[in-house]
Amino acid sequence: MVGLAAYHLLGEAQLWFYQVESDRLMQDWEEFKELSTIRFGPPAHCNPLGDLVLLRQTAPVELYQKQFQEKLATTSRMVRLDQQVNLFTVGLSESLRLEVELHEPADLARAMNLSRALELRQKVQNRKPAWQGDWNIPTSWQGRRNSNTHLVSQAGQQIRNYPSINPTADTRPNNPPAQYIRNLTSGEMVERKAKNLFYNCDETYRAGHQCKRLVWLQVDEFTDDITEPQ
């Protein structure tokens, strides 16, 4: 019987049996069970039910289910069917646990199936839509877009630097600034004419002269006999 069992061993178990058999001939079935249990069985001091209770999902649901079933196999006689569902559900991630509990699955198989379906739905909901992805813009378009952005920026800067217009300011010629207004009486105008001076400045009149600054003349009264010097 030991030889038949050894024939079906694979991998590490097969290597272990060859090593033990090379040390001594093992023909007793009880001895084979004892040695194989010592080598591949659980530790001498273990708490399989406690390990099942403390198990938490740290990977996809598929892997969590596999870990849960492995630990449940050593404690199936100690855990009722309804307790299996509760232990499996409490180990799920918080978002999945709440939804599975709301559905109240009748047994462990339904709870596992429901958790996989809910995990898939969460992945689809969190997936970024294709139309929101980053488009591969050709290099020529990128250069053109950067150039247009630069032109728009320059135009905006020019607009900001353009002097603002005060709608309340009176820019009509009839209201020149105060510093450009010169009040002359009729006597002063006659005096300037006698001295051959310009009305707009204090320089002597000559042909082709241009005053450096024009002023507005205000006189008390205007008479026709006052003419420009010749």
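Residues numbered from 1 in each chain as written. Predicted model: local features only at pLDDT ≥ 70, side-chain atom pairs only at ≥ 80, totals over all residues. Heavy atoms only, no water.

On to the overall build of the protein chain, then. Within the protein chain, the regular secondary structure consists of ten helices and two strands. Reading the helices (α) and strands (β) of the protein chain from amino to carboxyl end gives α-α-α-α-α-α-α-α-α-β-α-β. Counting over 230 residues, the protein chain shows a buried share of 24%. For the protein chain, restricting intrachain contacts to residue pairs at least 6 apart in sequence, the fraction spanning at least 24 positions comes to 49%. Put simply, the protein chain shows about 18100 Å² of open surface, and 54% of that area lies on carbon and sulfur atoms. (Helix = DSSP H or I, 4+ residues; strand = E, 2+ residues; numbered from the N terminus. Buried < 20%, exposed > 50% of the residue type's maximum accessible area, 1.4 Å probe, protein only. Contact = heavy atoms within 4.5 Å. Areas by Shrake-Rupley, 256 points an atom, 1.4 Å probe, with all protein chains shown as cover.)

With that out of the way, let us pick up helix 3 (residues 29-40). The first and last C-alpha atoms of helix 3 sit 16 Å apart over twelve residues, in line with the 16 Å expected at 1.5 Å per residue. Within helix 3, the full set of buried residues consists of Phe-32, Leu-35 and Ser-36. All buried residues of helix 3 project into a common sector of 100° when viewed along the axis, lining one side. Of the surrounding secondary structure, the elements contacted by the buried residues of helix 3 are helix 1 (2-7) and helix 2 (11-23). (Expected span 1.5 Å × (residues − 1). Arc of directions from axis to C-beta.)

Moving on to the packing of helix 7 (residues 94-103) against helix 8 (residues 108-126). Relative to each other, helix 7 and helix 8 sit at 130°, their axes nearing to 10 Å. On the basis of their axis angle, the class for helix 7 and helix 8 is oblique. Judged by the sense of rotation from one axis to the other, the crossing of helix 7 with helix 8 is right-handed. Facing Ser-95, Leu-96, Glu-99, Val-100 and His-103 of helix 7, the residues of helix 8 in contact are Leu-114, Ser-115, Leu-118, Glu-119, Arg-121 and Gln-122. Within the contact of helix 7 with helix 8, the residues separate by chemical class into four nonpolar, four polar and three charged. (Axes fitted to C-alpha atoms, helices over the stretch in contact; angles between N-to-C directions. Parallel < 35°, antiparallel > 145°, perpendicular 65-115°, else oblique. Left-handed = near helix turned anticlockwise from the far one by under 90°. Nonpolar A, V, L, I, M, F, W, Y, C, P; charged D, E, K, R; others polar.)

If the charged atoms of two oppositely charged side chains come close together, the side chains can form a pair. Counted by the stated rule, this structure contains six salt bridges. Among the ionic pairs, Arg-80 bridges to Asp-82, the shortest N-O distance being 3.3 Å. Where Arg-97 meets Glu-101, a salt bridge forms, and the shortest distance between an N and an O atom there is 3.5 Å. Highlighted residues: Arg-97 and Glu-101, both in helix 7, separated by four residues, approximately one helical turn. The partly exposed category is assigned to Arg-97, whose relative accessible area is 22%. (Salt bridge = Lys/Arg side-chain N within 4 Å of Asp/Glu carboxyl O.)

In this section: the packing of aromatic side chains. If you walk through the whole model with that rule in mind, you get seven aromatic pairs. Plain terms: the ring middles of Trp-16 and Phe-40 are 5.6 Å apart, the flat faces sit at 80° to each other, and that makes the pair edge-to-face. One end of the pair, Trp-16, is in helix 2; the other, Phe-40, is in helix 3, and 24 residues separate them in sequence. Since its relative accessible area comes to 12%, Trp-16 is described here as buried. You can call Phe-40 partly exposed: its relative accessible area is 37%. Each ring, one from Phe-17 and one from Phe-32, has its centre 6.2 Å from the other, and the planes form 70°; the classification is edge-to-face. Residue Phe-17 is found in helix 2, and its partner Phe-32 is found in helix 3; the two are separated by 15 residues along the sequence. Judged by its relative accessible area of 5%, Phe-17 is buried. Residue Phe-32 is classed as buried on the basis of its relative accessible area of 7%. Aromatic ring contacts, followed pair by pair, group Trp-16, Phe-17, Trp-29, Phe-32 and Phe-40 into a single cluster. (Phe/Tyr/Trp six-rings, centres within 6.5 Å; stacked < 30°, edge-to-face > 60°.)

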